[in-house]
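Observations on chain architecture
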Amino acid sequence: MSVLNVLRMMVIDDHISSRMVTVEALQSFGIKNISVAKDGREAFSKLVAEPVHLAISDLYMPDVDGFQLLKAVRAHPKIAKTGFIILTGRKDSNVVQNAVKLGVNNVIAKPFTPDVLKKSIESVVGRLN
């Protein structure tokens with residue numbers, strides 16, 4: 001069975017257009033099981049209720065941002081091992097260092113190409129094809 005048939009992913013972004021660009025890229029790779037959340041609070045509730053293999057989260061969101069979500073995920077025993085990729089429009093060394101301290105698997109700068117996203121995902125879950 002292909003990893004594409006079992007891989008469960010979540011895209012978290014407060015901007016619907018960014019969320020849909022990411023979802024469309026995932027679908028173009030053949031990933032079928034994709035859930036979405038509009039912010040970190042909604043994502044955390046959904047992740048605890050229905051864990052995924054990999055979460056792709058925007059960093060800067062109102063209320064609960066990507067760092068706060070990552071910290072909460074790593075602290076929760078049920079979902080602590082979830083793969084986590086942060087998307088950010090400001091990929092500077094402070095962002096990367098903070099993300100690494102919190103246990104991120106990868107940080108991607110926006111805008112990203114589908115190829116960059118695919119390589120980032122494969123570095124966490126293995127080859128997609």
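Procedures and definitions
- Residues numbered from 1 in each chain as written.
- Predicted model: local features only at pLDDT ≥ 70, side-chain atom pairs only at ≥ 80, totals over all residues.
- Heavy atoms only, no water.
- Buried < 20%, exposed > 50% of the residue type's maximum accessible area, 1.4 Å probe, protein only.
- Helix = DSSP H or I, 4+ residues; strand = E, 2+ residues; numbered from the N terminus.
- Arc of directions from axis to C-beta.
- Polar contact = N/O pair within 3.5 Å; in protein donor to acceptor, adjacent residues only side chain to side chain.
- Axes fitted to C-alpha atoms, helices over the stretch in contact; angles between N-to-C directions.
- Parallel < 35°, antiparallel > 145°, perpendicular 65-115°, else oblique.
- Left-handed = near helix turned anticlockwise from the far one by under 90°.
- Contact = heavy atoms within 4.5 Å.
- Nonpolar A, V, L, I, M, F, W, Y, C, P; charged D, E, K, R; others polar.
- Phe/Tyr/Trp six-rings, centres within 6.5 Å; stacked < 30°, edge-to-face > 60°.
- Lys NZ or Arg CZ within 6 Å of the ring centre and 35° of its normal.
- Pairing = 2+ DSSP bridges.
- Right-handed = clockwise from strand over helix to strand, strands pointing away.
- Core = buried A, V, L, I, M, F, W, Y, C linked by side-chain atoms within 4.5 Å.
- Expected span 1.5 Å × (residues − 1).

**Some details on helix H3 (residues 40-49)**
- All of the buried residues in H3 are Gly40, Ala43 and Leu47. For H3, the angular spread of buried residues about the axis comes to 55°, placing them on one side.
- A side-chain oxygen of the first residue of H3 lies 3.2 Å from the backbone nitrogen of Arg41; this N-cap is Asp39.

**Concerning the packing of helix H4 (residues 66-75) against helix H5 (residues 93-102)**
- Taken N-terminus to C-terminus, the directions of H4 and H5 make an angle of 15°; their axes are 9 Å apart at the nearest point. In terms of their interaxial angle, H4 and H5 are classed as roughly parallel. Seen from above, H4 lies across H5 with right-handed handedness. Counted together, Phe67, Leu70, Lys71 and Arg74 of H4 and Val95, Asn98, Ala99 and Leu102 of H5 form the full contact between these two elements.
- Residues belonging to the contact of H4 with H5 are distributed by class as follows: 5 nonpolar, 1 polar and 2 charged.

**Here we look at the packing of aromatic side chains**
- Overall, the coordinates contain 0 aromatic pairs when judged by the stated rule.
- When the ring centre of Tyr60 is taken as reference, the NZ or CZ atom of Arg90 above it lies at 4.6 Å.

**So, the pairing of strand E5 (residues 106-109)**
- As paired strands, strand E4 (residues 83-88) and E5 are joined by 4 bridges and run parallel to one another. Considered in E5, the bridge of Ile85 is made with Asn106.
- In this fold, the crossover linking E4 to E5 by way of H5 has right-handed handedness.

**Notes on the nonpolar core**
- The biggest cluster of nonpolar side chains holds 21 residues, and the ones touching the most others in it are Met10, Ile12, Leu47, Leu69, Phe84, Ile86 and Val104.
- Looking at this core, the elements with two or more residues in it are strand E1 (8-12), H3, H4, E4 and H5.
- Ranked by residues supplied to this core, first place goes to H4 with 4 residues.
- With residues up to four places along the chain from it excluded, the contact list for Met10 reads Ser35, Val36, Ala37, Ala43, Lys46, Leu47, Val52, Leu54, Ala55 and Ile56.
- Among the nonpolar cores identified, the runner-up in size contains 19 residues, and Leu87, Ile108, Ile121 and Leu128 belong to it.

**Examining the environment of Tyr60**
- Within the secondary structure, Tyr60 sits in the loop between strand E3 (54-58) and H4.
- Under the relative-accessibility criterion, Tyr60 is labelled partly exposed at 38%.
- Measuring from C-alpha to C-alpha, the distance between Tyr60 and Thr88 comes to 7.2 Å, with 28 residues separating the pair along the chain.

**Points about helix H6 (residues 114-125)**
- If you check H6, its first and last C-alpha atoms are 16 Å apart, about what 12 residues at 1.5 Å a residue would give, namely 16 Å.
- Inspection of H6 places Leu117, Ser120 and Ile121 among the buried residues, and these make up the whole buried set. An end-on view of H6 places all buried positions within 95° of arc, on one side of the element.
- In this fold, the buried residues of H6 make contact with E1, helix H2 (16-28), E3, E4 and E5.

By themselves, these figures tell us nothing about what the structure is for.
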